Amino acid sequence: MAAQGLSARRSGPLKGRVRAPGDKSISHRALLLGALAEGSTEIEGLLEGEDVKRTAAAMAAFGATVERLGEGRWRVEGRGGFAEPADVVDCGNAGTGVRLIMGAAAGFELAVTFTGDQSLRGRPMNRVLKPLGEMGARWICRSGGRLPLTLQGGGLKRIAYRLPEPSAQVKSAVLLAGLHAEGGAEVIEPEATRDHTERMLRGFGADVQVTDEAGARRIVLPPGQQLRGTSIHVPGDPSSAAFPLVAALITPGSEVTVEGLLLNPLRTGLLETLREMGADLTVANVRDEGGESVGDVTARHSQLKGVEVPPERAPSMIDEYPILAVAAAFAEGRTAMRGIGEMRVKESDRIALMAAGLAACGVGVEEEPEALTVVGSARGNHPVAGGARVVTHGDHRIAMSHLVMGLASDQPVSVDEPGMIATSFPGFVSLMTGLGAEIDEDRPAAA
Ligand code: S3P
């Protein structure tokens, strides 16, 4: 029997004001630093997606007291360090969760076994294990640096690590390990990646020095840091807000506002690219919330045009290329996305799955090892055909991107495994239908 899917069909104008769920990157870090700190950390606006709930459970397994006080309101009582978990730590689908927790755990004299779901067990951990190994951590794992993996931490020494690929996860793992390394840690990143770990470490009282060196960022964490519990307000996730915003841009007559969106410049590459494509996007009520800039972003239906996305923009929108590819399908002309090889090692091979899904819906695509080009179909009233059931390999962003595409396609677009959407955006379907989107249980695609 085929698994229950979800189907999205051509919808009337989308209208309304919504709040995006809490930022996933910041939510993981808030729980982690809360558990590493001494004392109480109160979190508001925490993303209650499956990925983050796994991190909450992991922090409890490492000895912190983690309590849910109400919707999005959590308290973590940290013990100033990690104790050895009594059982395997299962991080589910979460690459950020497992890589950051591994970094933090490496600083302590303990042995811990990590695992995850099928997707996570297929993802490379070598990128984190390499620097952690240089610092002195040891492990045993499946071939190719795959989970399950048993890590033996403790006795770490200082590292000065130059990131071979732009990865905030690797940077963060090294910095978190550096908290308990003799001599601290230093990371050099030739391309700037999201800086939530650095910002939040400071919020917990750590001294983090960031300097610009010949175009690269040098981040130094001196030894002997004491983290103290604090309070954190988690802003709205730009990677989730991207779905209702792009839905409004491609659905005629729409106007949608997403409130309280994180506007950290290392996360706004999609907004910049959509503007270059001619998107009518306005930002209002920009304010500072807990050390991060946030604002309310309004998107109105727009005739988009194809663009070349500069490769150096990739780190600031790496999770947003799937939904950008959908916007590009409705644009006039070609949109070329280059330097996006990292997309192949996310929750799925996102270049391959977007290329296959778009092609199945009648959109012209060209796939290369590190690039994806979408040939836009919008010329007057010539819509995207749709009419496909898309295989998502359990990837939440592949599912949401194709559902958004269905809202403005000629024929419905459906996806398998829609349950995985809850890893990052638990209220996605009700938020979208509240705006007027027609998304419901799978109906057969056009005959
Ligand atoms: C994240 C970093 C990015 C991103 C992921 C979240 C983080 O991964 O794709 O969803 O919170 O640090 P990489 O560090 O592998 O680029």
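How each quantity is defined
Residues numbered from 1 in each chain as written. Predicted model: local features only at pLDDT ≥ 70, side-chain atom pairs only at ≥ 80, totals over all residues. Heavy atoms only, no water. 1 Å grid on protein atoms, 1.4 Å probe; cavity = no way out; pocket = protein on both sides within 12 Å on 5 of 7 lines; lining within 4 Å. Points joined across faces, edges and corners; volume = space filled by probe spheres on them. Helix = DSSP H or I, 4+ residues; strand = E, 2+ residues; numbered from the N terminus. Near = heavy atom within 4 Å. Polar contact = N/O pair within 3.5 Å; in protein donor to acceptor, adjacent residues only side chain to side chain. Areas by Shrake-Rupley, 256 points an atom, 1.4 Å probe, with all protein chains shown as cover. Phe/Tyr/Trp six-rings, centres within 6.5 Å; stacked < 30°, edge-to-face > 60°. Buried < 20%, exposed > 50% of the residue type's maximum accessible area, 1.4 Å probe, protein only. Axes fitted to C-alpha atoms, helices over the stretch in contact; angles between N-to-C directions. Left-handed = near helix turned anticlockwise from the far one by under 90°. Contact = heavy atoms within 4.5 Å. Nonpolar A, V, L, I, M, F, W, Y, C, P; charged D, E, K, R; others polar. Domains from an automatic or database assignment. Buried area = accessible area lost by both parts, 1.4 Å probe. Salt bridge = Lys/Arg side-chain N within 4 Å of Asp/Glu carboxyl O. Core = buried A, V, L, I, M, F, W, Y, C linked by side-chain atoms within 4.5 Å. Pairing = 2+ DSSP bridges.

Student: Looking at this structure, I do not really get empty space enclosed by the protein. What am I missing?
Tutor: Rolled over the atoms, a probe with the dimensions of a water molecule shows which regions are left empty. On inspection of all chains with the given rule, the structure shows one cavity of 30 Å³ or more. In this model, the largest cavity occupies a volume close to 70 Å³. Surrounding the largest cavity, Pro238, Ala242, Leu245, Leu261, Leu262, Arg267, Thr268, Leu270, Leu271 and Glu320 form its lining. Those elements giving two or more residues to the lining of the largest cavity turn out to be α8 (238–250), β15 (255–262) and α9 (269–276).

Student: What exactly am I supposed to notice about the site of the ligand here?
Tutor: What surrounds the ligand is the set Ser25, Arg29, Thr96, Arg127, Pro166, Ser167, Ala168, Gln169, Arg194, Ile318, Asp319 and Lys346. Glutamine 169 is positioned with one of its backbone polar atoms (N or O) 2.9 Å from an oxygen atom of the ligand. For the ligand, an oxygen atom lies 2.7 Å from a polar atom in the side chain of lysine 346. Against a free-state accessible area of 390 Å², the protein chains account for coverage of 95% of the ligand.

Student: Explain the packing of aromatic side chains to me, please; I cannot follow it from the model alone.
Tutor: Aromatic ring pairs: the centre-centre distance and the angle between the two ring planes describe each pair. In this structure the tally under the stated criterion is four aromatic pairs. Taken together, a centroid distance of 4.4 Å and an interplanar angle of 20 degrees make the contact between phenylalanine 62 and phenylalanine 82 stacked. Of this pair, phenylalanine 62 sits in the loop between α2 (50–61) and β4 (65–70) while phenylalanine 82 is found in the loop between β5 (73–79) and β6 (89–90), placing the two residues 20 residues apart along the sequence. Residue phenylalanine 62 is classed as buried on the basis of its relative accessible area of 0%. Where phenylalanine 425 meets phenylalanine 428, the ring centres are 5.4 Å apart and the plane angle is 70 degrees; that geometry is what we call edge-to-face. Comparing phenylalanine 425 with phenylalanine 428, the two get one shared label, buried. Chaining the aromatic ring pairs together yields one cluster made of Phe62, Phe82 and Phe108.

Student: How should helix α7 (residues 196–203) be read in this particular structure?
Tutor: Given 3.6 residues per turn, any residue in an α-helix points the same way as the ones three and four places further on. Within the sequence span of α7, burial applies to His196, Thr197, Glu198, Met200 and Leu201. Positive phi appears at glycine 205, one or two residues downstream of α7, with a value of about 95 degrees.

Student: Would you mind showing me how to read the packing of helix α1 (residues 24–36) against α7 here?
Tutor: Any two packed helices are characterised by how steeply their axes cross, that is the angle between the axes, and by the distance between the axes. Packing of α1 against α7 leaves a shortest axis separation of 10 Å and a crossing angle of 35 degrees. Seen from above, α1 lies across α7 with right-handed handedness. Residues Ser25, Ile26, Arg29, Ala30 and Leu33 of α1 pack against His196, Thr197, Met200 and Leu201 of α7. Looking at the contact of α1 with α7 residue by residue, the class counts come to five nonpolar, three polar and one charged.

Student: Where do I start with the domain arrangement of the protein chain in this structure?
Tutor: Many descriptions give the size of an interface as the accessible area lost when the pieces come together. Each assigned domain of the protein chain is listed here: domain 1 (5–22 + 236–442) and domain 2 (24–224). Using C-alpha coordinates to define each centre, domain 1 is positioned 29 Å away from domain 2. Taken together, the 24 residues of domain 1 in the interface contact 25 residues of domain 2. For the pair domain 1 and domain 2, the summed buried area comes to about 2,000 Å², and 49% of that belongs to carbon and sulfur atoms. Summed over the shared surface of domain 1 and domain 2, the number is four salt bridges. Of the charged contacts in the structure, one is a salt bridge between arginine 123 and glutamate 347, with a shortest N-O distance of 3.9 Å. Counting every contact that joins domain 1 to domain 2 gives twelve residue pairs in polar contact (both at pLDDT 80 or more).

Student: I keep staring at the nonpolar core and nothing clicks. Help me out?
Tutor: When a protein is soluble and globular, its nonpolar side chains tend to lie buried together. Membership of the largest hydrophobic core comes to 75 residues, with the highest contact counts inside it found for Leu274, Tyr321, Val404 and Phe428. Of all the elements, α8 adds the most residues to this core, at nine residues. The contact partners of phenylalanine 428, leaving out residues within four places of it in the chain, are Phe243, Met400, Leu403, Val404, Ile421 and Ile439. Grouped together as the second largest cluster of nonpolar side chains are 68 residues, Leu100, Phe114, Leu132 and Leu151 included.

Student: Looking at this model, I keep getting lost on helix α11 (residues 350–360). Mind explaining?
Tutor: Among the residues of α11, Arg350, Ile351, Leu353, Met354, Ala355, Gly357 and Leu358 are the ones counted as buried. The elements touched by buried residues of α11 are α10 (321–329), β20 (364–368), β21 (371–375), β22 (389–390) and α12 (396–406). One or two positions beyond α11, positive phi appears at glycine 362, with a value near 90 degrees.

Student: Sorry, what's going on with the sheet that holds strand β23 (residues 413–415) here?
Tutor: Read from one edge of the open sheet, four strands run β22-β23-β1-β24, paired in mixed fashion. Two strands lie at the open edges of the sheet, namely β22 and β24 (438–441), each paired on one side alone. Sheet topology note: the strand β1 (residues 6–9)/β23 ladder contains three bridges and is antiparallel. Bridging from a neighbouring strand, leucine 6 pairs with valine 415 of β23.

Student: So what exactly am I meant to see when it comes to the sheet that holds strand β8 (residues 138–142) here?
Tutor: Within a sheet, neighbouring strands are paired by backbone hydrogen bonds and run either parallel or antiparallel to one another. Here we have four strands laid out as an open sheet, ordered β6-β7-β9-β8, and mixed in their pairing. At either margin of the open sheet sits one strand with a lone partner, and together these are β6 and β8. Across two bridges, β6 lies against strand β7 (residues 111–115) in parallel orientation. Counterpart to aspartate 90 in the pairing with β7 is threonine 115. Each of β7 and β9 (146–152) touches helix α3 (residues 95–106); the most contacted strand, β9, lies at about 15 degrees to it.

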